[in-house]
Amino acid sequence: MQPRRVAVLGGGPGGLYTARLLKLANPACDVRVYEQGDPGSTFGFGVGLAAGTQRKLEAADPDTLRDLVAAGLRHDMTMRVGADSVRVHNDRLIGIARTELLAVLQRHAEKAGVELDFGTRRAAGDLDADLVVAADGVGSATRENGSFGGRIDVGKGLYLWCGTDFALDAAMFAPVETDYGTFVTHAYPYSGDRSTFLIETDEETWRRAGFDTTTAALGSAGTESDETSLRFLEQAFAEQLRGHPLIGNRTRWLRFRTVHCDRWSSGNTVLLGDAAHTAHFSIGSGTKLAMEDAIALVDALGEAENVGAAFARYEQVRRPSVERLQELARRSRLWWESFPSRTGLPVERLMVAYMSRAGNVPLDRFATTAPDVVRAALEQYGGEPAVGNLAGWVLGRPLVHGGRRFPDRTSVPELETLACALDDPWSPEGDELVARARDTDGVLVTGPPARPALLTRLDLAERVRLETGVLTAVEGPAELRDDLADGLVSGRTDLVVLTEETA
Ligand SMILES: Cc1cc2nc3c(=O)[nH]c(=O)nc-3n(C[C@H](O)[C@H](O)[C@H](O)COP(=O)(O)OP(=O)(O)OC[C@H]3O[C@@H](n4cnc5c(N)ncnc54)[C@H](O)[C@@H]3O)c2cc1C
């Protein structure tokens, strides 16, 4: 179809990129972006764009990608616990300032002939157009006032998005112990003299540090930063910051909000980007999802006969990958929320645990990108260099646990069964299972054969291991032995029971 007039609500990455692609595909169409803020004003610091995203943007619009890459900074990834650190080379992950990202997208939108209207807050219903793209962000009033079946899951942990005035030489994950508890940073450089410094913690630590009070004192206007928290964290992370300050920009403690919608369109209005869905920041995918939505929506409009068919096609194409990423992000969020409990692992094994936290980077794939890290992690796990088939070698390692010797990881003694049928091992139901395990000599965690259920069992077993110290075994189908091997190396379980193949 060839819409004559399109209104885009929201000049974030999703809205601006949609507008540009639409105008390139339909030069005769009048495309207008309505953004409440001013051109140079935005929140936040840098965002990351991974290799896969860059490939998709390259195919859709090489000119824009070229300028994004030129404005961004490539960086490796490091995990630092105390004095130990491990580095993973990554030559295609870039960090880019959100201001730069938006400046590039604004420039390219205007170059394509899009009209940009800044400085006034609008309502989707007031915009006069054949179709309205509501890319009005996580707090979308379009979603909240419309019939999209929207709902929001709020994370347990708290995070603070701030920055610093120097470029780290690589992305860095680093926990820091304080008198109140653990704070963890996810930090990455995004320009020659700036890095994002996102810091997260658990609710108890946050309260003990008095940050519930500093948060409440800020009020709801949202314009000031929580300076008390920033100054405290600047001291706590002094070593990682090398004495540099933490810089706020409307910085305050937040809980991550995951947005889900039953449908992404209603009448002539379609939701896009954070307005339709969000995914926890620890998988760095919000901008990616918004820009990939834009590509799919413009393709669907080009292929379909009318607005309704285009919106249906867009949702049909995008929903599976969005939901897959939201599930990865959910697992990643749970892993980070429980991160302080596993900092006793050597950093190389911790890096393997990080890569496999959501089940999407298997050990053998990670071994091809970071062979030294995986080699070291396997040696720490098995006490000798790994040889031959990875999973076979991992399962074949002996174990000594509480004075008991096991010749390999599949020789499992009689153990109390812990049936696991939950989604969140850190939920109240998870608490009950951990309490039951505490009074045993060891537990075998059982459950359905499907892979998502197995990954959750491994997370529950890890929680049992770390909180009770009892021997743990996890049951899983033989065809998922790679996941079980990942679980062993990552410290999620001591032993495994292979059941018959399901297929
Ligand atoms: C802590 C944190 C870290 C993140 N890190 C990353 C990362 O590393 N990588 C990554 O890819 N993503 C990251 N993100 C997510 C990313 O910032 C968002 O997912 C992304 O910006 C979504 O783009 P969008 O266009 O959908 O919405 P937004 O960028 O939120 O843009 C929405 C725009 O709509 C405007 N608007 C809203 N309502 C109205 C209205 N009524 N009238 C006019 N204008 C309106 C707003 O002013 C805003 O400019 C992170 C997010 C957070 C919170």
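Residues numbered from 1 in each chain as written. Predicted model: local features only at pLDDT ≥ 70, side-chain atom pairs only at ≥ 80, totals over all residues. Heavy atoms only, no water.

## A look at the sheet that holds strand β5 (residues 76-81)
Read across the open sheet, the seven strands follow the order β6-β5-β12-β13-β14-β11-β15; overall the sheet is mixed. Both edges of this open sheet fall to β6 (84-88) and β15 (246-247), since each of them pairs with a single strand only. Here strand β11 (residues 158-164) pairs with strand β14 (residues 194-201) via seven bridges, running antiparallel. Bridge pairing in β14 links Y159 to E200. (Pairing = 2+ DSSP bridges. Helix = DSSP H or I, 4+ residues; strand = E, 2+ residues; numbered from the N terminus.)

## Quick notes on unusual backbone geometry
Positive phi outside glycine occurs at R242, with the angle close to 50°. Relative to the helices and strands, R242 resides in the loop between α9 (238-241) and β15. The phi angle at R250 is positive, at roughly 55°, despite the residue not being glycine. Looking at where R250 falls in the secondary structure, it is placed in the loop between β15 and β16 (257-261).

## As for the domain arrangement of the chain
By domain assignment, the chain separates into domain 1 (5-73 + 91-151 + 258-334), domain 2 (158-247) and domain 3 (344-499). Placing a centre on the C-alpha atoms of domain 2 and another on those of domain 3 gives a separation of 32 Å. (Domains from an automatic or database assignment.)

## Thoughts on the packing of aromatic side chains
According to the stated counting rule, one finds 19 aromatic pairs in the structure shown. Ring centres of Y159 and F256 lie 6.3 Å apart, and the angle between their planes is 45°; on these two criteria the pair is classed as tilted. Note that Y159 is positioned in strand β11 and F256 in the loop between β15 and β16, a separation of 97 residues in sequence. Comparing Y159 with F256, the two get one shared label, buried. For the ring pair Y159 and F281, a centre distance of 4.7 Å and an interplane angle of 55° mean the geometry is tilted. On the criterion of sequence distance, the pair formed by Y159 in strand β11 and F281 in the loop between β18 (269-271) and α10 (286-303) is long-range, its members being 122 residues apart. Take Y159 and F281: they sit in the same class, and that class is buried. Members of the aromatic cluster, joined through ring pairs, are F173, W335, W336, F339 and Y354. (Phe/Tyr/Trp six-rings, centres within 6.5 Å; stacked < 30°, edge-to-face > 60°. Buried < 20%, exposed > 50% of the residue type's maximum accessible area, 1.4 Å probe, protein only.)

## Remarks on the side chain of R252
With respect to the element layout, R252 can be found in the loop between β15 and β16. One buried charged side chain, R252, makes no salt bridge at all; its nearest oppositely charged neighbour is E224, positioned 5.7 Å away. Once residues lying within four places of it in the same chain are set aside, the contact partners of R252 are Y159, L160, L218, G219, G222, T223, E224 and D226. (Lys, Arg positive; Asp, Glu negative; His and termini not counted. Salt bridge = Lys/Arg side-chain N within 4 Å of Asp/Glu carboxyl O. Contact = heavy atoms within 4.5 Å.)

## Notes on the side chain of H75
As for its placement among the helices and strands, H75 is situated in the loop between β4 (73-74) and β5. For H75, a relative accessible area of 5% puts it in the buried group. Apart from residues no more than four positions distant in its own chain, H75 is found in contact with N90, L93, I94, G95, A170, A171, Y188 and P189.

## Description of the site of the ligand
Lining the immediate surroundings of the ligand are 31 residues, of which G14, E35, R98, R122 and D274 lie closest. Taking Q36, its side chain carries an N or O atom lying 3.0 Å from an oxygen atom of the ligand. Within the contact set of the ligand, an oxygen atom lies 2.7 Å away from a side-chain nitrogen or oxygen of R98. Broken down by secondary-structure element, the contributors of at least two residues to the shell around the ligand are α1 (13-25), β2 (30-35), β3 (46-49), β11 and α10. Among the elements that line the shell around the ligand, the one with the most residues is α10, at four residues. Broken down by class, the residue content of the shell around the ligand amounts to eleven nonpolar, 13 polar and seven charged. Residues lining the shell around the ligand come from more than one domain, with at least three contributed by each of domain 1 (5-73 + 91-151 + 258-334) and domain 2 (158-247). (Near = heavy atom within 4 Å. Polar contact = N/O pair within 3.5 Å; in protein donor to acceptor, adjacent residues only side chain to side chain. Nonpolar A, V, L, I, M, F, W, Y, C, P; charged D, E, K, R; others polar.)

## As for helix α11 (residues 307-337)
Its 31 residues give α11 an end-to-end C-alpha distance of 41 Å, which sits within 8% of 45 Å, the value for a rise of 1.5 Å per residue. Along α11, the sharpest kink reaches roughly 35°, centred on R318 and followed within four residues by the proline P320. Two or three places before G308, at the opening of α11, N306 has a side-chain oxygen 3.3 Å from that residue's backbone nitrogen. (Expected span 1.5 Å × (residues − 1). Bend = angle between axes of the 7 residues up to and from the residue.)

## Regarding the layout of surface pockets
Its boundaries defined by the atoms lining it, the second largest pocket holds a volume of some 420 Å³. K156, E204, E337, S338 and W426 are the residues nearest the centre of the second largest pocket, which is lined by 19 residues in total. In terms of residue count, the dominant contributor to the lining of the second largest pocket is helix α17 (residues 451-468) (four residues). The class makeup of the residues in the lining of the second largest pocket is four nonpolar, four polar and eleven charged. Looking at the lining of the second largest pocket, you find at least three residues from each of domain 2 (158-247) and domain 3 (344-499). (1 Å grid on protein atoms, 1.4 Å probe; cavity = no way out; pocket = protein on both sides within 12 Å on 5 of 7 lines; lining within 4 Å. Points joined across faces, edges and corners; volume = space filled by probe spheres on them.)

## Side note on the nonpolar core
Among the nonpolar cores identified, the biggest contains 59 residues, and Y17, L68, L131, V133, L297 and Y314 are the most heavily contacted of them. The element best represented in this core is α10, accounting for nine residues. Here L297 is in contact with T18, V133, V270, L272, F311 and Y314, once residues within four sequence places are set aside. (Core = buried A, V, L, I, M, F, W, Y, C linked by side-chain atoms within 4.5 Å.)

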